[in-house]
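# Report on the structure
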Amino acid sequence: MNAGGTVTLHKPGPCALLQDLGRKGWQHLGFCQSGAMDEHAFLWANKLLGNRPACAALEITLGPFACRFDSATRIALTGAAERIFLNGEAVRPWQQLPVAGGDELRFDAPARGLRTYLAVRHGFDPDSPPMGASMAVREKTGPFGGGPLPPQCSLAFRGLTPAADRHRRLATPARFIPRYDMPLHLYLYPGFQHDSFSPHYIEAFFNTEFTITSRANRMAYPLAGDTPGCRQAHLMSEGTPFGAVQIPPDGQPIILLKERQTIGGYPKIGCLSHLDCFALAQRRPGEKVRFARGNLADSRYRLKTFYTFFDLA
Amino acid sequence: MTPAGNAFSISQVCEDAVIVHFRYQRIPAPELVRAIAACRRQLIAELPGLIDDCVASYASLLIYYAFTRIPVEDFIEKITASINTALCAAEERPPATTAVEVPTYYSAETGPDLARLAALKEIDVHRLIQLHSQTPYTVYAIGFAPGFAYMGFVDALLAAPRLDKPRKAVTRGSVGIADRQTGIYPSDSPGGWNIIGRTPLDIFTAAAGGRDNCLLKVGDSVIFKPIDRGEFIRLGGKLS
């Protein structure tokens, strides 16, 4: 292993964050899970480089983004960005790319999708805090005080020894590259307080086209749609898993994501499959989603297959 | 001996989590919350490597588990046994309770809602302080922000709804009331609770540190001890 290199983010865009697969064993103290919003794109970026699956990578929301590498490494970009330039020359996402010291990478805000992942060989190497590399903006925890990463900040990575680091030039097969402008059906497993909602509300919930509101962020995606309000009994706060769908009294669903609070007191109609949440993380305010009834055993099987593919099971 | 068959129920909620709801009458008793905390400890000790996170809150336990390593039916069987054992043990010999004393400076300068709340309840400020500090509370949950403990239940006379408009900044250490709960802000943050005083204690020093730096945990017993301005400052409290 050579001495480390750094990458300097000249233009990080509105919300660039270091992310890994999130924290484990901290929620009972009130720390959010955090971690990559779209694990599909995140895990591909690491896989393309032969990294361990949980290596810290950059999650870049929108753009424009520009950075400069001070030494050689290999990188991979996955997720939303399409028009990407290395030293002014167009390069493709979803594949491994060699970079040399002094190379400049940039991309414009993508036309569709929301988050781009930039991974480097061996991962970014913050000083391994006990909670891991994930940043949480709302909570102000993790490296860089939770972020977002400011312009001109530098991130360290471990250097490469070319001879010791031969690796096939991998690219993601086209069939695994999602289109982020396809209609999205979110499969909901009914649970929690599902049975406390009126049949009238539940019918409306599954028949409504919802719009992602401008308040959507890493914590939650609040939706707006033509659903009725619903009277609710008082609920003792309880733990809120990834993908839980809260229904406040106004009847407008709120989907809880990676930076959600650990507990919550709104009734929940059920929980989405993780894979659908990853897809949702690439949808923007203004885009439409619908709910459909899901089967938990199927979702679990699909997710296990997914994690097995990425060496996480 | 086994606890009553309907002492709790377990539901699958998503691919990698199950929730345990414990039965209670009207409001969960402190003994139940302590028994749930004991269940949590038992699960983590008995099933290492299978439990990723385990969040106790009031009468529930949300368990995140390593779903790729064990079929859900087997996992539920294991935790059922574990919870039964822990509940029985708690029934025979109540788990030791950690008692925490929280020195608190109740005043206009540290409690912007103190006078308003007293006026609203038609009691004088001293009576309000006495009512808030005379009974020990139980930590029912930790959430909202790292280290923020929800404690209950305050005297019905002190119950107060959250502010209509949450404050943009509540000072760290602030002691507040919302409905029949009381809590302490572990760090400067926005918040909508009625603030009646401030403690000089560090509730939570673990922004990026160890897991053991949280003063309070679910099941603990907390009593507020009124202190004056001088003692507040002597204990490291800051006025601003």
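Residues numbered from 1 in each chain as written. Chains lettered and ligands numbered in written order. Predicted model: local features only at pLDDT ≥ 70, side-chain atom pairs only at ≥ 80, totals over all residues. Heavy atoms only, no water.

This part takes up the packing of aromatic side chains. Two measures describe an aromatic ring pair: the distance that separates the ring centres and the angle between the ring planes. Following the criterion strictly, the structure yields 32 aromatic pairs over all chains and no others. Between Phe306(A) and Phe310(A), the ring centres sit 5.1 Å apart and the planes meet at 65°, which makes this aromatic pair edge-to-face. Owing to a relative accessible area of 11%, Phe306(A) belongs among the buried residues under this scheme. Plain terms: the ring middles of Phe148(B) and Tyr150(B) are 5.3 Å apart, the flat faces sit at 65° to each other, and that makes the pair edge-to-face. Residue class for Phe148(B) comes out buried when judged on its relative accessible area of 1%. (Phe/Tyr/Trp six-rings, centres within 6.5 Å; stacked < 30°, edge-to-face > 60°. Buried < 20%, exposed > 50% of the residue type's maximum accessible area, 1.4 Å probe, protein only.)

All right, on to the sheet that holds strand β19 (residues 268-272) of chain A then. Residue and element names in this part refer to chain A. The strand order β12-β19-β16-β17-β14-β13-β20 describes a closed barrel built from seven strands, whose pairing is mixed. Direction aside, neighbouring strands of the sheet carry axes that sit 40° apart on average. Bridge count for strand β13 (residues 210-212) against strand β14 (residues 220-224) is two bridges, and the pairing is antiparallel. Each residue of the ladder has a partner; that of isoleucine 212, found in β14, is leucine 223. (Pairing = 2+ DSSP bridges. Helix = DSSP H or I, 4+ residues; strand = E, 2+ residues; numbered from the N terminus. Axes fitted to C-alpha atoms, helices over the stretch in contact; angles between N-to-C directions.)

Residue and element names in this part refer to chain B. Annotation of chain B at the domain level lists domain 1 (8-92) and domain 2 (99-234). Between the C-alpha centres of domain 1 and domain 2 there is a distance of 29 Å. Residue-level contacts link 10 residues of domain 1 with 11 residues of domain 2. Between domain 1 and domain 2, a total of about 870 Å² is buried, with carbon and sulfur atoms accounting for 61% of that surface. At the junction of domain 1 with domain 2, the criterion picks out five residue pairs in polar contact (both at pLDDT 80 or more). Mapped by element, the contributors of at least two residues to the side of domain 1 that touches domain 2 are α1 (30-46) and β3 (51-57). (Domains from an automatic or database assignment. Contact = heavy atoms within 4.5 Å. Buried area = accessible area lost by both parts, 1.4 Å probe. Polar contact = N/O pair within 3.5 Å; in protein donor to acceptor, adjacent residues only side chain to side chain.)

Turning to unusual backbone geometry, a few remarks are in order. Across the junction of Gly147(A) and Pro148(A), the peptide omega takes the value 0°, indicating a cis bond. Mapped onto the elements, Pro148(A) comes out in the loop between β10 (115-120) and β11 (153-157). In this structure, Phe153(B) follows Gly152(B) across a cis peptide bond, with omega equal to -10°. Note that Phe153(B) resides in the loop between β7 (149-152) and β8 (167-170). At Phe144(B), a position not held by glycine, the phi torsion is positive, near 70°. Summarising the element assignment, Phe144(B) is placed in the loop between β6 (137-142) and β7. Residues other than glycine seldom take positive phi values, yet Asp179(B) does so here, at roughly 50°. Tracing the backbone shows Asp179(B) in the loop between β9 (174-178) and β10 (181-184).

How two helices pack is summed up by the angle between their axes together with the distance between the axes. Residue and element names in this part refer to chain A. Following both chains from N to C, one finds helix α1 (residues 39-48) and helix α4 (residues 296-309) inclined at 20°, their axes separated by 11 Å at the closest point. When the axes of α1 and α4 are compared, the pair comes out roughly parallel. Within the contact between the two elements, α1 uses Glu39, His40, Leu43, Trp44 and Lys47 and α4 uses Phe306, Tyr307 and Phe309. Looking at the contact of α1 with α4 residue by residue, the class counts come to five nonpolar, one polar and two charged. (Parallel < 35°, antiparallel > 145°, perpendicular 65-115°, else oblique. Nonpolar A, V, L, I, M, F, W, Y, C, P; charged D, E, K, R; others polar.)

With 39 residues of chain A at the contact, the number on the chain B side is 41 residues. By the criterion of area lost to chain B, the three top residues of chain A are Leu29(A), Met236(A) and Arg300(A), representing 20% of everything that side buries. Scanning the region where chain A abuts chain B turns up one salt bridge. Connecting chain A to chain B are 17 residue pairs in polar contact (both at pLDDT 80 or more). For the side of chain A that touches chain B, the secondary structure elements donating two or more residues are β15 (238-239), β19 and α4 of chain A. When residues in the side of chain A that touches chain B are grouped by element, the largest group, six residues, is from α4(A). (Salt bridge = Lys/Arg side-chain N within 4 Å of Asp/Glu carboxyl O.)

For the rest of this paragraph, the subject is the domain arrangement of chain A. How big an interface is tends to be stated in terms of the accessible area lost upon association of its parts. Residues and elements named next belong to chain A. According to the domain assignment, chain A consists of domain 1 (5-176) and domain 2 (184-309). For domain 1 and domain 2, the distance between their C-alpha centres works out to 28 Å. Residue-level contacts link 33 residues of domain 1 with 20 residues of domain 2. Between domain 1 and domain 2, a total of about 2,100 Å² is buried, with carbon and sulfur atoms accounting for 50% of that surface. Our enumeration of links across domain 1 and domain 2 arrives at two salt bridges. Counting the contacts that link domain 1 with domain 2 gives 18 residue pairs in polar contact (both at pLDDT 80 or more).

So, on to the pairing of β6(B). All names here are of chain B. Across the six residues that make up β6, a large majority, six, are buried. Across two bridges, the pairing between β6 and strand β13 (residues 221-226) is antiparallel. Each residue of the ladder has a partner; that of tyrosine 137, found in β13, is valine 222. Summarising the sheet, β6 and β7 pair through four bridges and their orientation is antiparallel.

What follows concerns the sheet that holds strand β9 (residues 104-107) of chain A. Residues and elements named next belong to chain A. Taken in spatial order, the six strands line up as β7-β6-β9-β4-β1-β11 in an open sheet, and their pairing is antiparallel. The sheet terminates laterally at β7 (89-91) and β11, the two strands that pair on one side only. Strand-to-strand, the axes of this sheet are offset by a mean angle of 25°, without reference to chain direction. Pairing between strand β1 (residues 5-11) and strand β4 (residues 65-69): four bridges, direction antiparallel. Each bridged residue has a counterpart across the sheet, and for lysine 11 the counterpart in β4 is alanine 66.

Quick look at the pairing of strand β12 (residues 184-190) of chain A now. In summary, the side chains of a regular strand alternate between the two faces of the sheet. Residue and element names in this part refer to chain A. Both β12 and strand β20 (residues 288-293) contribute to a ladder of five bridges, which runs parallel. Bridged to leucine 184 within β20 is valine 289. Relative to β19, β12 runs antiparallel, the two being bridged by three bridges. By the bridge assignment, proline 190 is partnered in β19 with glycine 270.

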